[in-house]
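What follows is the residue order along each chain.
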Amino acid sequence: MDRHHHFVEQDAVTRLSLPPAVASARCGWVGTPDSLSRSTTPIGSACVRDVSAFVRGRIMESGHLGRPESAVSDRFATAAAYAVAGAVHLLTAGLFIGSLMMIVLKFDTFIQPLLGLIPLGLALALRPRLGRLAPELPVLREADAPALFALLHRTADSAGARRVDTVQLTAEFDMRVISYGVRRRRCLVLGLPLWSAYSPQQRIAAVTQAFGEGGPRNLRSGVFVGSVLRSVTAGAHTLRSGDAAAATPSADAHFLYTGEIAAASRRFNARSRRSDWALWIPRVTAAATSRLLLRCTRSAARRAQFEADDAAARTASSPAALAALRDRDLARATYLEMHRLAVEKKTLVKANASEKPQDDLWENIGRHAAVLREQRETSRPLVSAPRTGLPDPASHDVVAQRITRLTEAPQHPATITLDESGRALIEDELRRPKQEVERLVLRDGMPLSG
């Protein structure tokens, strides 16, 4: 049996490409595993456990817990993502230049300029999206919130990421870093529901994870591949058929010109169906390209998430990073509670005051998150977020894999903490932006997207 274990571990060492000296040092072997395979010396169970733990650690470090994939396939997927992105860039540039040549050089004719509008429209639909900030949501700069930016700069330096230039507050249960504009400035999108539901150390962990996931290692947030992914996704959304384009006459049969109205409606619907069929090929192509890029960049995005988790554990402590990941399942229930509070303020307590923002909205969300944690600890079901069929790193299965990985990894203490005075300064800087976001939530009755 020991002999069998030796061959199992030797196969694992071979598949993971461990150096023979490393494998020998783990068990105190004299010689290499190849020479030991021809020996009759029994291998002890302690050696088997030692090598098994080391192999499992290497699998966890590679970011493929329970389902190891070779580095060759990851490099092939990355190369394929760059190839697809380059092809889309060339196609967009070719459509734009070709359409301008058809319009400008053949302007004395009538047909070719009209035909040139078709590739020009496709090029505009696939144009690179540089990103922009939501105009209605409050934006903070370092002069507006020096204490908050001091914390963010320390966190970015600890994670080895580029510092942010602005912070935009939203009503999303999310924390992410985006780039916007021609100069590619960086902005931290700070969701107030998440900020209110998390503890101070969880907030630091969430910020560190956002810095790590938005770094250059994640192809989806990069300029070359990320811009194409955003472009083809937005292009597929732009080219999709709209059900509202169909005209349904509702005139009474006894009214004047009812027949003419019905005939015009049928002609309009026929032209709409023909235009939908004409846009079907580019729409399906854009959607398929988006799915292909998501699949090719999945390993890079997952690796960036694992590295972000490690940075969060080193910065905010391992328990805080684990708690930040576990509390992501509070998103759906927090949205429902925020919607209920907004409806309550607009209807049930409307007699007391107008729609003036109150300071207790985000405090109520924090208290509700504490209740949800107690329900989870007592195994009472929470309202889960809807699942999608697309294999994305933000899915529940990947979050569970990240939690398992952090649980079995070495534990780290916190290197960045906030005392009571620091937390009070940050909350004072966020008071007015919180009120602006609350006013927008009360006005629209639903969470706003940044």
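Residues numbered from 1 in each chain as written. Predicted model: local features only at pLDDT ≥ 70, side-chain atom pairs only at ≥ 80, totals over all residues. Heavy atoms only, no water.

Observations concerning the overall build of the protein
Right, so step 1: Across its full length, the protein carries 18 helices and four strands.
Right, so step 2: Residues counted as buried form 42% of the 450 residues belonging to the protein.
Right, so step 3: Counting only carbon and sulfur atoms, one obtains 60% of the accessible surface of the protein, whose full area is about 24,800 Å². (Helix = DSSP H or I, 4+ residues; strand = E, 2+ residues; numbered from the N terminus. Buried < 20%, exposed > 50% of the residue type's maximum accessible area, 1.4 Å probe, protein only. Areas by Shrake-Rupley, 256 points an atom, 1.4 Å probe, with all protein chains shown as cover.)

Regarding the pairing of strand 2 (residues 166-170)
Right, so step 1: The element strand 2 is largely enclosed, with a buried count of five among its five residues.
Right, so step 2: Going residue by residue along strand 2, you find T166, Q168 and T170 tucked away on one face and V167 and L169 tucked away on the opposite face as well.
Right, so step 3: Pairing of strand 1 (residues 139-140) with strand 2 involves two bridges; the strand directions are antiparallel. Looking across to strand 2, one finds that V139 is bridged to Q168.
Right, so step 4: In this sheet, strand 4 (residues 185-191) lies alongside strand 2 in parallel orientation, the contact comprising five bridges. Residue T166 lies in a different strand from strand 4, and its bridge partner there is C187. (Pairing = 2+ DSSP bridges.)

Details of the sheet that holds strand 1
Right, so step 1: Taken in spatial order, the four strands line up as 1-2-4-3 in an open sheet, and their pairing is mixed. On the outer flanks of this sheet lie strand 1 and strand 3 (175-180), each paired with one strand and no other.
Right, so step 2: Helix 9 (residues 200-213) contacts strand 3 and strand 4 of the sheet and is inclined by roughly 35 degrees relative to strand 3. (Contact = heavy atoms within 4.5 Å. Axes fitted to C-alpha atoms, helices over the stretch in contact; angles between N-to-C directions.)

Observations concerning the packing of aromatic side chains
Right, so step 1: Scanning all chains against the criterion turns up two aromatic pairs.
Right, so step 2: With a centroid separation of 6.1 Å and 85 degrees between ring planes, the pair formed by F173 and Y198 is classed as edge-to-face. With F173 in the loop between strand 2 and strand 3 and Y198 in the loop between helix 8 (192-197) and helix 9, the pair connects residues that are 25 residues apart, well separated along the chain.
Right, so step 3: The exposure class of F173 is buried, given its relative accessible area of 9%. (Phe/Tyr/Trp six-rings, centres within 6.5 Å; stacked < 30°, edge-to-face > 60°.)

Observations concerning the nonpolar core
Right, so step 1: By size, the foremost hydrophobic cluster in this structure holds 56 residues, and its most contacted members are L140, L148, V167, L169, M175 and L188.
Right, so step 2: When residues no more than four places from it in sequence are discounted, the contact partners of L140 are A145, L148, F149, T166, V167, L169, L430 and P433.
Right, so step 3: Among the nonpolar cores identified, the runner-up in size contains 15 residues, and A81, V84, A85 and L229 belong to it. (Core = buried A, V, L, I, M, F, W, Y, C linked by side-chain atoms within 4.5 Å.)

Some details on the confidence of the model for the protein
Right, so step 1: The predicted model of the protein averages 75 in pLDDT, with 67% of residues at 70 or higher.
Right, so step 2: Contacts of residues 1-46 to residues separated by more than four positions or lying in other chains number 49 contacts, the stretch itself having pLDDT below 50.
Right, so step 3: Contacts of residues 48-69 to residues separated by more than four positions or lying in other chains number 40 contacts, the stretch itself having pLDDT below 50. (pLDDT = per-residue confidence, 0-100.)

Focus: the side chain of D327
Right, so step 1: With respect to the element layout, D327 can be found in the loop between helix 13 (318-326) and helix 14 (331-346).
Right, so step 2: D327 sits in the buried class, given a relative accessible area of 2%.
Right, so step 3: At 2.8 Å, the side chain of D327 forms a polar contact with the side chain of R373.
Right, so step 4: Not counting residues up to four positions away in its chain, the partners in contact with D327 are F173, Y198, Q202, R373 and R376. (Polar contact = N/O pair within 3.5 Å; in protein donor to acceptor, adjacent residues only side chain to side chain.)

Some points on the pattern of salt bridges
Right, so step 1: All chains considered together, the criterion is met by 20 salt bridges.
Right, so step 2: R402 serves as the salt-bridge partner of E213, at 3.1 Å between the closest nitrogen and oxygen. Placement of E213 in helix 9 and of R402 in helix 16 (residues 396-408) is noted, with a sequence separation of 189 residues between them. With respect to burial, E213 and R402 carry one shared label: buried.
Right, so step 3: Connected through salt bridges with shared partners, the residues E213, D309, R328 and R402 form a single ionic network. (Salt bridge = Lys/Arg side-chain N within 4 Å of Asp/Glu carboxyl O.)

A look at the environment of D310
Right, so step 1: Relative to the elements of secondary structure, D310 occurs in helix 12 (residues 298-316).
Right, so step 2: In this structure, the C-alpha to C-alpha distance between D310 and T208, residues 102 residues apart in sequence, is 9.4 Å.

Let's talk about helix 9
Right, so step 1: The end-to-end C-alpha separation of helix 9 is 20 Å, in line with the 20 Å expected for 14 residues at 1.5 Å each.
Right, so step 2: For helix 9, the tally of buried residues reaches eleven of 14 residues, placing the bulk of the element in the interior.
Right, so step 3: Regarding helix 9, the residues found buried are Q202, R203, I204, A205, A206, V207, T208, Q209, A210, F211 and E213. (Expected span 1.5 Å × (residues − 1).)

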